[in-house]
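# A structural walkthrough
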Protein chains: 2
Amino acid sequence: MIGIVIVTHGQFGNILIDTAELIFDSRLEATAAVSIDLKEHVETLRKKINSGIKGVNQNEGILILTDMFGGTPSNLSYSFLEEGKIEVISGVNLPMLIKAVNLRKKENDLHSMAKTIEAYGKKSISLASELVKGNKRG
Amino acid sequence: MIGIVIVTHGQFGNILIDTAELIFDSRLEATAAVSIDLKEHVETLRKKINSGIKGVNQNEGILILTDMFGGTPSNLSYSFLEEGKIEVISGVNLPMLIKAVNLRKKENDLHSMAKTIEAYGKKSISLASELVKGNKRG
């Protein structure tokens, strides 16, 4: 199973996992959150991410989800990018995590799964008033 | 100023606000989180959202951000949609909240701001390995 590591400022990743577990009504296996405290040393933070990866690694690939492109959690995660082994997607939201947990049950091609989740994440952001208009048009 | 209400399962909205406050290094004004506990009665939850809206309302419009289309927090929020007054965007992530806080300082057209944040949210989700490829191509 593809491992999932959520790397964010503070407790954001932990809460995302809590919320997904609430929705699935079960614990998520091979899923970890790494909390980035900007006051800690870069090497300490890199080690924390590395431990997060090791903790969920089942040798079938790792998907890292980060909170925001350009932020420290993303920048640190980018240094772990490894073709075919570790993918990083920034801008995580709840639908992306839910989708990742569902997809990895049947998908074992990491890059293909990462592309699907990126596209799904974009699609999951919707402005209600425009949906309503679209429905009226259709 | 346009008010922002984040309506989510559990503590997700509170943590998003905490994270944004960490990044801005200041408290966010006219911003509230509403925590939806699925065990509570629908009418109680609707009242909580209504209180959240009232608490941030400065009569310049309200932007509601929810965690996931189709979830109870989104479904309840949709019933507050009001043209020109209340907009709802689902699939909130950290970049969207940061953008909303920055945009409302200069933007007072609620619908236009909501459309910008929807587009920005989609753009904020990116797969690192594809960015790298894009850079190599360029």
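Just above, that's the structure.
The paragraphs below set out a description of the structure included in this document.

The rules behind these values
- Residues numbered from 1 in each chain as written.
- Chains lettered and ligands numbered in written order.
- Predicted model: local features only at pLDDT ≥ 70, side-chain atom pairs only at ≥ 80, totals over all residues.
- Heavy atoms only, no water.
- Pairing = 2+ DSSP bridges.
- Helix = DSSP H or I, 4+ residues; strand = E, 2+ residues; numbered from the N terminus.
- Contact = heavy atoms within 4.5 Å.
- Axes fitted to C-alpha atoms, helices over the stretch in contact; angles between N-to-C directions.
- Buried < 20%, exposed > 50% of the residue type's maximum accessible area, 1.4 Å probe, protein only.
- Phe/Tyr/Trp six-rings, centres within 6.5 Å; stacked < 30°, edge-to-face > 60°.
- Buried area = accessible area lost by both parts, 1.4 Å probe.
- Salt bridge = Lys/Arg side-chain N within 4 Å of Asp/Glu carboxyl O.
- Polar contact = N/O pair within 3.5 Å; in protein donor to acceptor, adjacent residues only side chain to side chain.
- Expected span 1.5 Å × (residues − 1).
- Arc of directions from axis to C-beta.

Take the sheet that holds strand 5 (residues 126-127) of chain A next. Here we have five strands laid out as an open sheet, ordered 5(A)-4(B)-3(B)-1(B)-2(B), and mixed in their pairing. Sheet topology places strand 5 of chain A together with strand 2 (31-36) of chain B at the edges, where each strand pairs with a single neighbour. Of the pairings in the sheet, the one linking strand 1 (residues 3-9) of chain B to strand 2 of chain B comprises six bridges and is parallel in character. Looking across to strand 2 of chain B, one finds that Val7 of chain B is bridged to Val34 of chain B. Against the sheet, helix 4 (residues 94-103) of chain B makes contact with strand 1, strand 3 (62-66) and strand 4 (86-90) of chain B, and its axis sits at roughly 165° relative to strand 1 of chain B, the strand it touches most.

Moving on, we come to unusual backbone geometry. Residues and elements named next belong to chain B. Non-glycine residue Ala30 carries a positive phi angle of around 45°. Within the secondary structure, Ala30 is located in the loop between helix 1 (12-24) and strand 2. Assessed through its relative accessible area of 14%, Ala30 is described here as buried. Notably, Asn59 is not glycine yet its phi reads approximately 60°, a positive angle. Summarising the element assignment, Asn59 is placed in the loop between helix 2 (42-56) and strand 3.

Note on aromatic pairs: each is described by the distance of the centres and the angle between the planes. Enumeration according to the criterion identifies three aromatic pairs over all chains in this entry. Centre to centre, the rings of Phe12 of chain A and Phe12 of chain B are 5.6 Å apart; their planes meet at 15°, and the pair counts as stacked. Remark: Phe12 of chain B occurs in helix 1 and Phe12 of chain A occurs in helix 1 (residues 12-24); the pair is interchain, linking two chains. Like Phe12 of chain A, the residue Phe12 of chain B is buried in the burial classification.

Further remarks concern the interface of chain A and chain B. With 41 residues of chain A in contact, the opposing surface of chain B contributes 41 residues. Interface area for chain A against chain B, summed over the two sides, is near 3,200 Å², with a carbon-plus-sulfur share of 70%. Applying the counting rule to chain A against chain B returns zero salt bridges. Applying the counting criterion to the chain A and chain B interface returns 15 residue pairs in polar contact (both at pLDDT 80 or more). Broken down by secondary-structure element, the contributors of at least two residues to the side of chain A that touches chain B are helix 1, strand 4 (86-90), helix 4 (94-103), helix 5 (110-123), strand 5 and helix 6 (128-137) of chain A.

Take the sheet that holds strand 5 (residues 126-127) of chain B next. The sheet built from five strands is open, its strands ordered 2(A)-1(A)-3(A)-4(A)-5(B) with mixed pairing. The sheet terminates laterally at strand 2 (31-36) of chain A together with strand 5 of chain B, the two strands that pair on one side only. Across two bridges, the pairing between strand 4 of chain A and strand 5 of chain B is antiparallel. Within the sheet, the bridge partner assigned to Ser90 of chain A lies in strand 5 of chain B and is Ser126 of chain B. Set on the sheet, helix 2 (residues 42-56) of chain A makes contact with strand 1 (3-9), strand 2, strand 3 (62-66) and strand 4 of chain A; between it and strand 2 of chain A the angle comes to about 175°. Packing of helix 4 of chain A onto the sheet brings it into contact with strand 1, strand 3 and strand 4 of chain A, and relative to strand 1 of chain A it is tilted by some 165°.

Here we come to helix 1 of chain B. A rise of 1.5 Å per residue sets the reference length of helix 1 of chain B, with its 13 residues, at 18 Å; its end C-alpha atoms lie 18 Å apart and thus fit the reference within 8%. When helix 1 of chain B is considered as a whole, its buried residues turn out to be Phe12, Gly13, Ile15, Leu16, Ile17, Thr19, Ala20 and Glu21 of chain B. Buried residues along helix 1 of chain B sit in contact with strand 1, helix 1 and helix 4 of chain A together with strand 1, strand 2 and helix 4 of chain B.

Take helix 5 (residues 110-124) of chain B next. Its 15 residues give helix 5 of chain B an end-to-end C-alpha distance of 21 Å, which sits within 8% of 21 Å, the value for a rise of 1.5 Å per residue. Taken together, the buried positions of helix 5 of chain B are occupied by Leu110, Met113, Ala114, Ile117, Glu118, Gly121 and Ser124 of chain B. Down the axis of helix 5 of chain B, the smallest arc covering the buried residues is 140°, so these residues share one side. Here the buried face of helix 5 of chain B lies against strand 4 and strand 5 of chain A together with strand 3, strand 4, helix 4 and strand 5 of chain B. Residue Asp109 of chain B occupies the N-cap position of helix 5 of chain B, its side-chain oxygen lying 3.1 Å from the main-chain nitrogen of His111 of chain B.

Okay, the environment of Thr8 of chain A next. All names here are of chain A. Positionally, Thr8 belongs in strand 1. On the basis of relative accessibility, which here comes to 0%, the residue Thr8 falls in the buried class. Between the C-alpha atoms of Thr8 and Ala32, which are 24 residues apart in sequence, the distance is 11 Å. For Thr8, the residues in contact, after removing those within four places along its chain, are Gly13, Val34, Ser35, Ile36, Asp67 and Pro73.

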